[in-house]
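An overview of the molecular structure
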Amino acid sequence: MGNKDIIKITLNLVAICALAGVILSVTWTITNPVKLEKEAEELQAALKGLIPQADAINKAATFVSAGGKEGTIYKAVKGGKPIGYVVSAYTKGYSSFIKMLVAVDTDYRIIGIQILSEQETPGLGDNVDKKWFKDQFRGKTEDHLVVIKGETNTDIQAISGATISSRAVTNGVKAAVEALRAERAKDKAL
Amino acid sequence: MAVSYKKLILNGIFSENPVFRLALSLCPAVAVTTSVRNGFLMGIAVLCVMTMVNITVSILRNLINPKVRIPAYILIIATYVSITDMVMSAYSRAAYKEMGLYIQLIVVFAIIISRAELFASKNKVLPSAVDGFGMGLGFLGALVLVGAVRELIGKGSIAGIHLTGGNPLLIMVLPTGGFFVIGLLMGLFNWIDQKYYGGRPGGVGGGHH
């Protein structure tokens, strides 16, 4: 293979890469603002879904969540008074980091939780997004955030075949409440 | 090229079905087929990417230097997959949430590069488009079929509609069940082919990603 060939081949690949680059940047420029806007809308809808009576729910603080990822605390306000908080946090599940929202009132009682994203085992671990499982958290305080295998009325009942994912979410909720406590201890205005 | 378009389509759906006959792209065929819906969404994404890649490769077939054709095909596939990924993330959020992880994996699906190399690089644009579409349909059909069997036995439902009572056989929605179902369906395809068409068993090339 002569030098001319090498130049020809290189130019050939460079041309294809350049064309692909142009096409991709155009697509990104068009789709990315739409994507960001929809993500923000989805977040607001999820926050409102957890504390519907709030006038406004806005970002108030950040902290370090599981896996070094950034967790966020949103403050829900009604008539100028804080009525609760939503903590966006991660927890290490069986096969993925589970991202979730945990809503609590000002006495740290759980109002509700939402799973934002997870890649747990289909048919087993991904049942953490099932309504019956999430509903168990409503009204619970930290000392009842314990996973029980089998039926329970006071604590959190594990999903059969997915104890690790159940425990991950429960511990994640607990960690979120603790993070909120710690942030409020640091910042009295929160 | 004397082969009719109808024959090209049927080729992709039955005689050279990517999953059951060529035994290509078995990896996604196991991974995403836990339900009809997931199989269908993945099948549609692959159908679009494969048709577009075949068209592009066919148009560029005389411009791409044969010595760098494989990297060139990979680039073309990666470009279309990235476009699919970006468009889905902006305009089809619900589907993207479920499929996002797998969409990017389409880049390495053996079936796509094998059609680019075996067909589109040697044929005119229209037959290449039809070949990609037919193969895509075959892949889509295979994923929906595997998804339907696994969802019915593993969750007791089809396309989210609950059909049977009692405890479903959970193993079918786990990877293990995927291998069971694909193996049995592949056997069924071979049996039909040998009994009625006198063909040789498929999957002789071995499985790839």
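Our structure's up above, just so we're on the same page.
Keep in mind that what you see is a predicted model, and the values were worked out from it rather than measured.

What counts, and at which threshold
Residues numbered from 1 in each chain as written. Chains lettered and ligands numbered in written order. Predicted model: local features only at pLDDT ≥ 70, side-chain atom pairs only at ≥ 80, totals over all residues. Heavy atoms only, no water. Helix = DSSP H or I, 4+ residues; strand = E, 2+ residues; numbered from the N terminus. Expected span 1.5 Å × (residues − 1). Bend = angle between axes of the 7 residues up to and from the residue. Buried < 20%, exposed > 50% of the residue type's maximum accessible area, 1.4 Å probe, protein only. Contact = heavy atoms within 4.5 Å. Phe/Tyr/Trp six-rings, centres within 6.5 Å; stacked < 30°, edge-to-face > 60°. Buried area = accessible area lost by both parts, 1.4 Å probe. Salt bridge = Lys/Arg side-chain N within 4 Å of Asp/Glu carboxyl O.

Time to look at helix α1 (residues 3-50) of chain A. The end-to-end C-alpha distance of α1(A), which contains 48 residues, comes to 66 Å, matching closely the 70 Å that a straight helix rising 1.5 Å per residue would cover. At A:Thr31, α1(A) shows its strongest bend, of approximately 30°, with the proline A:Pro33 following within four residues. Restricting attention to buried positions, one finds in α1(A) the residues A:Ile9, A:Asn12, A:Ile16, A:Ala20, A:Thr27, A:Thr31, A:Asn32, A:Ala46, A:Leu47 and A:Leu50. Where α1(A) is buried, its residues touch β1 (56-64), β2 (70-78), β3 (81-92), β4 (97-105) and β5 (110-117) of chain A together with α4 (69-91) of chain B.

With that out of the way, let us pick up the packing of aromatic side chains. All names here are of chain B. Tallied over the entire structure, the rule returns 5 aromatic pairs over all chains. Note on Phe14 and Phe189: the rings are 5.2 Å apart at their centroids and 25° apart in plane angle, and the pair reads as stacked. With Phe14 in helix α1 (residues 5-15) and Phe189 in helix α8 (residues 175-197), this residue pair connects regions lying 175 residues apart in the sequence. Taking relative accessible area as the criterion, Phe14 reaches 24% and is therefore assigned partly exposed. Between Phe20 and Phe189, the aromatic rings sit 4.6 Å apart at their centres with planes inclined by 35°, giving tilted as the arrangement. One end of the pair, Phe20, is in the loop between α1 and α2 (26-31); the other, Phe189, is in helix α8, with 169 residues separating them in the sequence.

What follows covers the interface of chain B and chain A. Taken residue by residue, the interface counts 23 residues in chain B and 25 residues in chain A. Summed over both partners, the interface of chain B with chain A buries about 2200 Å², with 70% contributed by carbon and sulfur atoms. Its largest share of buried area at the contact with chain A, chain B owes to B:Leu75, B:Met86 and B:Arg93, together 23% of the area lost on that side. Between the two partners, chain B and chain A, sit 3 salt bridges.

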